[in-house]
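# Residue-level structural notes
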Amino acid sequence: MPFPDSTHYELVSVAPRSGVPSQNFQAARGISGSDFLHQHECGGRRAEATADDEMTFSETQQVSLAIVPRITAVPTIFGSGYIVQNVVRNRQKRGLLYHRILLLMSLMDLVSGIRSFIGTWPVPKGTPGSYGAIGTTQTCTAHGFFGHGSFLSSSLYNGSLAT
């Protein structure tokens, strides 16, 4: 799917200041008009990457990428749900800071598991490369918001438990 404009991006190899010839850094030139930049490493040669360059998956791979997260989400949902109900039902556990942090981490894991189970359904219908997409832009935005928020929160709560 092409970008709104047909801007081409040129990648140029830049020698490092350390003088080590084996290291190459890619610097992008000609960035204009689009928020997207497809970069390709070309072994230090000049190359052009166009908006038409995108990774495509076969139909079997798309189906696998849509179904496997749903399968792995089920144990996450049950495990996190068990921890949540275990802490909520026990008055003594609710009083301890450790268990309250564990409760919040499990709630965020539960949201993340539900998000994984929902999978590609919220993606706008007709989006190429998204098997089973039946949503709208708004459902996709909400899916991303809750997914990234729950993942970040769960990671922070996990770090709190580790210290």
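Everything numeric here is computed off the predicted structure, so don't read it as measured data.

### Looking at the overall build of the protein
Across its full length, the protein carries four helices and three strands. Across the protein, helices and strands are ordered from the amino to the carboxyl terminus as β-β-β-α-α-α-α. Expressed as a percentage of its 163 residues, the buried residues of the protein come to 22%. The long-range share in the protein, meaning contacts at least 24 apart out of those at least 6 apart in sequence, stands at 50%.

### Brief notes about the packing of helix α1 (residues 59-89) against helix α3 (residues 97-118)
Think of two packed helices as two axes; the pair is described by the angle between the axes and how far apart they sit. Relative to each other, α1 and α3 sit at 155°, their axes nearing to 8 Å. The orientation of α1 with respect to α3, classified from their angle, is roughly antiparallel. Pair α1 / α3 crosses with left-handed handedness. Counted together, P69, R70, A73, V74, T76, I77, S80, G81, I83, V84, V87 and V88 of α1 and H99, L102, L103, S106, L107, D109, L110, G113, I114, S116, F117 and I118 of α3 form the full contact between these two elements. Taken together, the residues of the contact of α1 with α3 sort by class into 15 nonpolar, seven polar and two charged.

### Details of α3
Its 22 residues place the ends of α3 32 Å apart at the C-alpha level, agreeing with the 32 Å of an ideal helix rising 1.5 Å per residue. Among all positions in α3, only H99, I101, L102, L103, M105, S106, S112 and G113 are buried. Elements in contact with the buried residues of α3: α1, α2 (91-94) and α4 (137-162). Of the residues trailing α3, G119 is marked for its positive phi of about 60°.

### A short note on the environment of V88
In this structure, V88 sits in helix α1. Between the alpha carbons of V88 and L103 there is a distance of 7.9 Å; along the sequence they are 15 residues apart. Leaving out residues up to four positions away in the same chain, V88 has contacts with R94 and L103.

### Considerations on the side chain of H99
Here H99 shows up in helix α3. For H99, a relative accessible area of 16% corresponds to the buried category.

### Some details on a nonpolar patch on the surface
Taken together, V74, F78, F117, W121 and I134 make up a surface patch of nonpolar side chains, about 520 Å² in accessible area. In this fold, V74 is placed in helix α1. Look at V74 and you get partly exposed, because its relative accessible area is 33%.

### Some words on α1
In a regular helix each residue adds 1.5 Å, so 31 residues correspond to 45 Å; α1 covers 46 Å between its end C-alpha atoms and thus fits that length. Of all the bends in α1, the greatest, near 25°, is centred on A73, and the proline P75 appears no more than four residues after it. Residues of α1 that are buried include every one of Q62, A66, R70, A73, S80, V84 and V87, and no others. Looking at the buried side of α1, the elements it contacts are α2 and α3.

### Things to note about the confidence of the model for the protein
Per-residue confidence for the protein averages 76 on the pLDDT scale, and 66% of its residues sit at or above 70. Contacts for the low-pLDDT stretch residues 1-50, under 50 throughout, to residues beyond four places or in other chains number 69 contacts.

### Topic: the packing of α3 against α4
Relative to each other, α3 and α4 sit at 150°, their axes nearing to 8 Å. The angle between α3 and α4 places the two elements in the roughly antiparallel class. Crossing of α3 against α4: the hand is left-handed. For the pair formed by α3 and α4, the contact residues are Y98, I101, L102, L104, M105, M108, D109, V111, S112, R115 and I118 on the first element and H143, F146, G147, S150, S153, S154, Y157, N158, S160 and L161 on the second. Residue composition of the contact of α3 with α4, grouped by class: 11 nonpolar, eight polar and two charged.

Reading the values: the criteria
Residues numbered from 1 in each chain as written. Predicted model: local features only at pLDDT ≥ 70, side-chain atom pairs only at ≥ 80, totals over all residues. Heavy atoms only, no water. Helix = DSSP H or I, 4+ residues; strand = E, 2+ residues; numbered from the N terminus. Buried < 20%, exposed > 50% of the residue type's maximum accessible area, 1.4 Å probe, protein only. Contact = heavy atoms within 4.5 Å. Axes fitted to C-alpha atoms, helices over the stretch in contact; angles between N-to-C directions. Parallel < 35°, antiparallel > 145°, perpendicular 65-115°, else oblique. Left-handed = near helix turned anticlockwise from the far one by under 90°. Nonpolar A, V, L, I, M, F, W, Y, C, P; charged D, E, K, R; others polar. Expected span 1.5 Å × (residues − 1). Patch = residues over 30% accessible without salt bridge, like charges linked within 9 Å, V, L, I, M, F, W, Y side chains within 5 Å. Areas by Shrake-Rupley, 256 points an atom, 1.4 Å probe, with all protein chains shown as cover. Salt bridge = Lys/Arg side-chain N within 4 Å of Asp/Glu carboxyl O. Bend = angle between axes of the 7 residues up to and from the residue. pLDDT = per-residue confidence, 0-100.

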